[in-house]
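Inside the fold
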Amino acid sequence: MRLLIKNGYMIDPAQGVNTGKNLLIEDGRVVGLMSHSDPTPEGAEVIDATGLIVAPGFIDVHVHLREPGHEYKETIASGAAAAVAGGFSTVCTMPNTNPVNDSAAVTRFVIEQAERANLADVLPIGAITKNSGGTELAEMGEMKDAGIVAVSDDGHAVPTAGMMRRAMEYARGFDLPLIDHCEDKSLARGGVMHEGHWSLVLGLRGMPAAAEEVDAIRDCALAELTGARVHLAHVSTRGTVEAVRRAKEKGLAVTCEAAPHHWTLTDAAVAGERGSSPTAREGAVPYDTNTKMSPPLRSRDHIEAILEGLRDGTIDAIASDHAPHHADEKELEFDQAPFGIIGLETSVGLAMDLVKQGVISLERLVELCATNPARILKLEDRGALRPGARADITILDTEKSWTFDVSRSKSKSRNTPFDKRNLTGLAVATIVAGRIVFLHPDFSRLTASRASAARR
Ligand SMILES: [Zn+2]
Ligand SMILES: [Zn+2]
């Protein structure tokens, strides 16, 4: 099957492409780029992408799809549906399921469920330690053979430097990146929000920025010691960004990601404050458990550091940390409610906000969402629209104003602080291995005959 994406503006930083191009796909692979004036190849179905951006398929390296074990929050199928609706052709799912993905059997189960769903490609991440318990290393080699792309005990930090050293050495032996949830428990001490002015005002137990930073600094030192590839998850503080910047200056194999909520909202959002957030939040109320996540929303100065890191390249990737929870769980008292929010369908819109504000360029956005995630995980046939690569494509409308309505989310969960938020720019089509798996309703109207022809 041949598919031509016609008259779009292509941004592919890996190839240095930033110009109007047609893209030809055949049998799930990229054939090549053509100029707008080239004739349509025989037998090709056509998507008209006039006025739209055509980019390599976006990859979210950090999501929680909850299956096996917590299917009432999310299944691999519902998570994959939310992924493609948000513009992601590939998502990497964390191992903190029940059972934990610390074995080839669970890894294979995740891959089989994803194949059954047949939407976004779901790449499993295996646990660092058995049951993510922090005491005994998991069988990384066995899981790698079964299909994991990285290891992480996300949700928990590896508790001791000695254990982390062994984990890095082991992961390095299998050439697996280690994705690091940085949180020193002895400093976080059961905190439920950022320690600072607002935790004092609200009477909530805080966790200081240092709880994240001591682990980040420790693990950068261990990356130097072991030579392992270390990727810091959801960096949220100035000190963590600075630690990564120093590690990169030294030439270490350290990378990191930031989540949209960590640059969009400050800890004032926990108090329901609208004005003190970088962008106003409609309908905000104090003690909203949809402002509770780990790491927590931070203060303004930390946000500035995240924005600097996104701008100067210290931060490599944007990842949602999509963490679905059932409404009954999030309706508990702030102290009792679980950490985390859903994010797959708002991530691209919130990243586009940065482009609109002039913080980053559109090209940089594509780097953060596609080029670099593929590089970090060594996904060699993704992240670039080279001839022969998987035809994973995200098509963006940078102009369209829209309002996120969580009641229409594809996720099984509704825990988001971004319901009813107005955004500009979104993914209007997602193509996975040459197959159109998501078309925005307005986009399909725009190109009705052609798009429906392409889907047949
Ligand atoms: Zn985490
Ligand atoms: Zn996470």
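Throughout what follows, the structure given in this document is the object of discussion.

1. A short note on the coordination of the zinc ion (ligand 1)
- Protein ligation of the zinc ion (ligand 1) involves Asp-154 (OD), His-181 (ND1) and His-234 (NE2), the donor distances falling in the range 2.0 to 2.1 Å.
- If you look at the zinc ion (ligand 1) and the zinc ion (ligand 2), they sit 3.5 Å from each other and are both ligated by Asp-154. Taken together, the positions of Asp-154 in the loop between strand E9 (151-152) and helix H4 (161-173) and His-234 in the loop between strand E13 (230-232) and helix H8 (238-249) put the pair 80 residues apart, joining distant regions of the chain.

2. What to know about the sheet that holds strand E8 (residues 121-124)
- The strand order across the open sheet built from three strands is E6-E7-E8, with neighbouring strands paired in parallel fashion. A single partner strand is all that each edge strand has here, and the edge strands are strand E6 (58-63) and E8. With strand direction ignored, the average angle separating the axes of adjacent strands in the sheet is 20 degrees.
- Across four bridges, the pairing between E6 and strand E7 (residues 88-93) is parallel. Its bridge partner lying in E7, Ile-59 is registered against Thr-90.
- Across the face of the sheet, helix H2 (residues 104-117) comes into contact with E7 and E8 while running at roughly 175 degrees to E8.

3. What about the packing of aromatic side chains?
- In this structure the tally under the stated criterion is three aromatic pairs.
- Geometrically, the ring pair formed by Phe-58 and Phe-88 is tilted, given 6.3 Å between the ring centres and 55 degrees between the ring planes. With Phe-58 in strand E6 and Phe-88 in strand E7, this pair connects stretches of sequence that are 30 residues apart. The two residues Phe-58 and Phe-88 agree in class, both being buried.
- Positioned above the aromatic ring of Phe-334, the side-chain terminus of Lys-292 is 5.9 Å from the ring centre.
- Stacked on the ring of Phe-339, the Lys or Arg Lys-292 has its end atom at 4.7 Å from the ring centre.

4. Overview of the packing of helix H7 (residues 209-226) against H8
- Interhelical geometry of H7 versus H8 gives an angle of 10 degrees and a closest axis separation of 8 Å. When the axes of H7 and H8 are compared, the pair comes out roughly parallel. Along its contact with H7, which presents Glu-212, Glu-213, Ala-216, Ile-217 and Cys-220, the element H8 presents Arg-238, Gly-239, Thr-240, Ala-243 and Ala-247.
- Class assignment for the residues of the contact of H7 with H8 results in five nonpolar, two polar and three charged.

5. As for the nonpolar core
- Of all hydrophobic cores here, the largest spans 76 residues; its most connected members are Phe-58, Trp-263 and Leu-310.
- Those residues within four positions of Leu-310 in sequence are excluded, and the remaining contacts are Trp-263, Ile-315, Ile-318, Leu-354, Ile-360, Arg-364 and Leu-368.

6. Regarding the coordination of the zinc ion (ligand 2)
- With distances of 2.0 to 2.2 Å, the protein atoms coordinating the zinc ion (ligand 2) are His-62 (NE2), His-64 (NE2), Asp-154 (OD) and Asp-321 (OD).
- Each donor residue of the zinc ion (ligand 2) lies on one chain, and together they are spaced H-x1-H-x89-D-x166-D.
- Judged by relative accessible area, Asp-321 falls into the buried class, the value being 11%.

7. With respect to the side chain of Ser-294
- Along the chain, the position of Ser-294 falls in the loop between helix H9 (260-264) and helix H10 (300-312).
- When its relative accessible area of 16% is taken as the criterion, Ser-294 is described as buried.
- For Ser-294, the side chain forms a polar contact with the side chain of Glu-183, separated by 3.5 Å.
- Ignoring anything within four residues of it in the chain, the contact list for Ser-294 reads His-181, Glu-183, His-234, Asp-321 and Phe-339.

8. What about the sheet that holds strand E15 (residues 317-318)?
- As summarised here, the arrangement of the five strands in space is E9-E10-E13-E14-E15, forming an open sheet in which the pairing is parallel. Both edges of this open sheet fall to E9 and E15, since each of them pairs with a single strand only.
- Bridging between E9 and strand E10 (residues 178-180) involves two bridges; their strand directions are parallel. Looking across to E10, one finds that Val-151 is bridged to Leu-178.

9. Describing H2
- The end-to-end C-alpha separation of H2 is 20 Å, in line with the 20 Å expected for 14 residues at 1.5 Å each.
- Along H2, the positions that sit buried rather than exposed are Ala-104, Val-106, Thr-107, Val-110, Gln-113 and Ala-114.
- Considering only its buried residues, H2 is in contact with helix H1 (76-85), E7, E8 and helix H3 (140-146).

10. Quick look at the environment of Glu-249
- Looking at the secondary structure, you find Glu-249 in helix H8.
- Judged by relative accessible area, Glu-249 falls into the exposed class, the value being 63%.

Rules used in this analysis
- Residues numbered from 1 in each chain as written.
- Chains lettered and ligands numbered in written order.
- Predicted model: local features only at pLDDT ≥ 70, side-chain atom pairs only at ≥ 80, totals over all residues.
- Heavy atoms only, no water.
- Donors = N, O, S within 2.8 Å, 3.2 Å for Na, K, Ca; no water.
- Helix = DSSP H or I, 4+ residues; strand = E, 2+ residues; numbered from the N terminus.
- Pairing = 2+ DSSP bridges.
- Axes fitted to C-alpha atoms, helices over the stretch in contact; angles between N-to-C directions.
- Contact = heavy atoms within 4.5 Å.
- Phe/Tyr/Trp six-rings, centres within 6.5 Å; stacked < 30°, edge-to-face > 60°.
- Buried < 20%, exposed > 50% of the residue type's maximum accessible area, 1.4 Å probe, protein only.
- Lys NZ or Arg CZ within 6 Å of the ring centre and 35° of its normal.
- Parallel < 35°, antiparallel > 145°, perpendicular 65-115°, else oblique.
- Nonpolar A, V, L, I, M, F, W, Y, C, P; charged D, E, K, R; others polar.
- Core = buried A, V, L, I, M, F, W, Y, C linked by side-chain atoms within 4.5 Å.
- Polar contact = N/O pair within 3.5 Å; in protein donor to acceptor, adjacent residues only side chain to side chain.
- Expected span 1.5 Å × (residues − 1).

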